[in-house]
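# Close look at the chain arrangement
Spelled out, the chains give:
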Amino acid sequence: MSEPDTIIDKDSNVGWFPLIIVTLAAFIISIDISFLNVSITNLVHDLHTTVVTIQNIIVVYALVLASLTLLSGELQKVLGRRKTFLIGAFIFGVGNLIASLSLNSTMLIIGWSVMEGIGGALMWVSMYSIIIGSYTGKRRATALGLGGSVASLGLVVGPFIGGFLTTYLSWRYAFGLEFIIILLILIFSRSIPSFPATMHWSEINIIGGINSALGIFLLVYGLILLNNPYTLFIGPFVIFAGFILLAVFYLDQRSRINKDKHPLVDIRVFKIRSFLLGNIFLFLYGSVISGIRFVIPVFVQTVLGYSALLTGYIFVAMAVPMFIVTFTTGKISGRYQPRHIIALGFTVCLIGSIYLISVFSSNPNFLQIISGIALIGLGLGIIAPHGSTLAFSEVSHENQPDASAIRSTNSNLNTSVGTAIFGLILLMGATNALSVEKLTNGLLNSFYLVALIFFLGIIMAQFIKLQKITKT
């Protein structure tokens, strides 16, 4: 039941090299999420497919990550953290190879959406468990902070890397770059600390895992079906089936808790007001950012004729303010009310979205677009860290693993939901003919929804409980 090699305990003095190796996973997963969006028109051309098909491939990748996060958390308890991480790395690497050699959209969805999605879910969950188990006290806080920063860095450089490689070489080289990083992880894998397994296979809540994974999958897949006139009538039934399975999952988890059986996740954390609100804010944040990452590239490359590299610069303009403002989190979180900080973030985003609506209503230039995008990035940079802090502010130590699993599921689910919904709005009526007029109307409608979501965020921020603030 235990893993080979050294099993560390809380008194072990683990160096920083293992941290570098495991956080490489966060880096490539973040790149993986962000780089392909700037290559949409190239993918359509190279794979002889449609924008809708590429949208579905992007959605399914995030969907596989979201559906398997909770089950991956259980698997690491049986297999051990390091073994789960390395199995995920191997599957991710095989997916890299298939994706880089894709001859059609089917190969890309198998390699990227399915295999990299499975590998990414296994690596992502076990990565944070390895960090938490390897470091204590201030070193743990530093390690977790570095892990989050590396993931954010991947989101910053991902669009640029994808745009550069797509413009001057091919989008296939981006998958090749990820494969090289996977090889480095596997080569230096023996430096990663080992931990004993804590569960037997018989203890896994397999029914709960299937219900949660299938429920999440059907819920979002139903949204994808709405984008096709031939499957439009099936979509609502698939969405309803997803809701039913998630309801069954909720009732099953509640029943197991009442009977003192091991649940897949402790759903009682949803009774914590700050946790529930924090995750709602993060869901709104993630849905918007993933939606923007889809609609902007399609519009600027199809209508304005931008290259993948120029499109990448647009998202660098969004990511840089987000990355910079996160460093102010510790300084302002203890001085101002969370409701005021988060409301400010949504307000800045709302101003940016209204500005972009006015810009896209005419003939926008590059500077106007990146100015609006940067403003939204600034607001999102305020919302994200404070939303996370709020979500975990009242979660007890013993409930942190369950809260983290739910948070990870949320972060991947909002990506798939955002891409599906905003893609549906952008491409509605434009499936076969991506005309300038239809895409422009679709883009404007997308940003009207963005503005509405940000306004809703401002309202919901007022429901955050007031906290005692000590100004220094």
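Cut-offs applied
Residues numbered from 1 in each chain as written. Predicted model: local features only at pLDDT ≥ 70, side-chain atom pairs only at ≥ 80, totals over all residues. Heavy atoms only, no water. Helix = DSSP H or I, 4+ residues; strand = E, 2+ residues; numbered from the N terminus. Buried < 20%, exposed > 50% of the residue type's maximum accessible area, 1.4 Å probe, protein only. Contact = heavy atoms within 4.5 Å. Areas by Shrake-Rupley, 256 points an atom, 1.4 Å probe, with all protein chains shown as cover. Salt bridge = Lys/Arg side-chain N within 4 Å of Asp/Glu carboxyl O. Core = buried A, V, L, I, M, F, W, Y, C linked by side-chain atoms within 4.5 Å. Polar contact = N/O pair within 3.5 Å; in protein donor to acceptor, adjacent residues only side chain to side chain. 1 Å grid on protein atoms, 1.4 Å probe; cavity = no way out; pocket = protein on both sides within 12 Å on 5 of 7 lines; lining within 4 Å. Points joined across faces, edges and corners; volume = space filled by probe spheres on them. Nonpolar A, V, L, I, M, F, W, Y, C, P; charged D, E, K, R; others polar. Expected span 1.5 Å × (residues − 1). Phe/Tyr/Trp six-rings, centres within 6.5 Å; stacked < 30°, edge-to-face > 60°. Patch = residues over 30% accessible without salt bridge, like charges linked within 9 Å, V, L, I, M, F, W, Y side chains within 5 Å. pLDDT = per-residue confidence, 0-100. Arc of directions from axis to C-beta. Axes fitted to C-alpha atoms, helices over the stretch in contact; angles between N-to-C directions. Parallel < 35°, antiparallel > 145°, perpendicular 65-115°, else oblique. Left-handed = near helix turned anticlockwise from the far one by under 90°.

### Looking at the overall build of the protein
Scanning the protein from terminus to terminus reveals 16 helices and 0 strands. Burial statistics for the protein: of 472 residues in total, 55% are counted as buried. Counting only contacts in the protein whose residues sit at least 6 apart along the sequence, the fraction spanning at least 24 positions is 83%. Surface summary for the protein: the accessible area is close to 20000 Å², and the carbon and sulfur share equals 68%.

### Some words on the pattern of salt bridges
Overall, the coordinates contain 1 salt bridge when judged by the stated rule. Between R268 and D266 there is a salt bridge, and its shortest N-O distance comes to 2.9 Å.

### Points about the nonpolar core
In terms of nonpolar packing, the biggest core is built from 97 residues, with F85, I292, I296 and F447 touching the most fellow members. Considering every element that reaches this core, the biggest residue donor is helix α10 (residues 273–302), with 13 residues. Once residues lying within four places of it in the same chain are set aside, the contact partners of I292 are P297, F315, M318, I373, I376, F447 and V450. Formed by 14 residues, the second largest nonpolar core is a distinct cluster that contains L63, I216, I224 and V417.

### Things to note about the side chain of S100
By secondary structure assignment, the location of S100 is in helix α4 (residues 81–100). Taking relative accessible area as the criterion, S100 reaches 13% and is therefore assigned buried. Reaching out from S100, the side chain makes a polar contact with the backbone oxygen of L97 at a distance of 2.8 Å. Not counting the four nearest positions on each side in its chain, S100 is found in contact with R172 and F175.

### Side note on unusual backbone geometry
Residue H48 is not a glycine yet carries a positive backbone phi of 55°. A positive phi angle, near 60°, is found at D260, a position not held by glycine. Relative to the elements of secondary structure, D260 occurs in the loop between α9 (235–258) and α10.

### Brief notes about empty space enclosed by the protein
Scanning the entire structure with this criterion turns up 3 cavities of 30 Å³ or more. What lines the largest cavity is simply D32, I33, I58, Y61, A62, L65, W112, N412 and T415. Counting residues per element, the ones that place at least two in the lining of the largest cavity are α1 (17–35), α3 (51–79) and α15 (400–427). Residue composition of the lining of the largest cavity, by class: 6 nonpolar, 2 polar and 1 charged.

### Side note on α9
For α9, which comprises 24 residues, the first-to-last C-alpha distance of 35 Å matches the rise-based estimate of 34 Å (1.5 Å per residue) to within 8%. For α9, every residue scored as buried is listed here: G235, V238, I239, G242, L245, F249, Q253, R256 and I257. Residues of α9 that are buried in the fold lie against α3 and α8 (206–225).

### A word on the packing of aromatic side chains
Here the structure, examined in full by the defined rule, presents 13 aromatic pairs. Plain terms: the ring middles of F299 and F360 are 5.4 Å apart, the flat faces sit at 80° to each other, and that makes the pair edge-to-face. You can see F299 sitting in helix α10 and its partner F360 sitting in helix α13 (residues 338–360), a full 61 residues away along the chain. An identical accessibility class is assigned to F299 and F360; each is buried. With 6.3 Å between their ring centres and 50° between their planes, F346 and F454 make a pair best called tilted. With a gap of 108 residues between them, F346 in helix α13 and F454 in helix α16 (residues 436–461) connect regions that are remote in the sequence. Taken together, F160, F164, Y168 and Y313 form an aromatic cluster joined through their ring pairs.

### Re the layout of surface pockets
Roughly 850 Å³ of volume is contained in the second largest pocket. Every element with two or more residues in the lining of the second largest pocket is listed here: α8, α9, α10, α15 and α16. Per-element accounting of the lining of the second largest pocket gives the leading share, 8 residues, to α15. Partitioned by chemical class, the residues of the lining of the second largest pocket number 25 nonpolar, 6 polar and no charged.

### Brief notes about a nonpolar patch on the surface
A contiguous nonpolar patch, built from F17, I20, F90, I180, L183, L184, L186, I187 and F188 and spanning about 830 Å² of accessible area, is present on the exposed surface. At the level of elements, α1 and α7 (172–187) are the ones that each hand at least two residues to the nonpolar patch. Relative to the assigned elements, F188 resides in the loop between α7 and α8.

### Looking at the confidence of the model for the protein
Confidence along the protein averages 82 in pLDDT terms, with 88% of residues attaining 70 or more. In the predicted structure, residues 1–12 sits below a pLDDT of 50 and forms 31 contacts with residues beyond four places in sequence or in another chain.

### Describing α7
For α7, spanning 16 residues, the distance from its first C-alpha to its last is 23 Å, which sits close to the expected 22 Å at 1.5 Å a residue. Inspection of α7 places A174, F175, E178, I181, I182 and I185 among the buried residues, and these make up the whole buried set. Looking straight down α7, one finds that the buried residues subtend no more than 115° of arc, so they occupy a single side.

### Comments concerning the environment of H386
Structurally, the position occupied by H386 is in helix α14 (residues 366–392). Counting along the chain gives 104 residues from H386 to L282, while the straight-line C-alpha distance between them is 9.5 Å.

### Some thoughts on the packing of α10 against α14
Contact pair α10 / α14: the axes reach a minimum separation of 9 Å and the direction vectors enclose 155°. In terms of orientation, α10 and α14 fall into the roughly antiparallel class. Of the two elements, α10 crosses α14, and the hand of that crossing is left-handed. Of the residues in α14, those touching α10 at S274, F275, L277, G278, N279, F281, L282, Y285, I289, I292, I296 and V300 are I369, I373, I376, L380, I383, A384, G387, S388, L390 and A391. Across the contact of α10 with α14, the residue classes tally to 17 nonpolar, 5 polar and no charged.

### Section: the environment of I182
Looking at the element boundaries, I182 is found in helix α7. With relative accessibility at 1%, the residue I182 sits in the buried group. Along the chain, I182 and V94 lie 88 residues apart, while their C-alpha atoms are 9.7 Å from each other.

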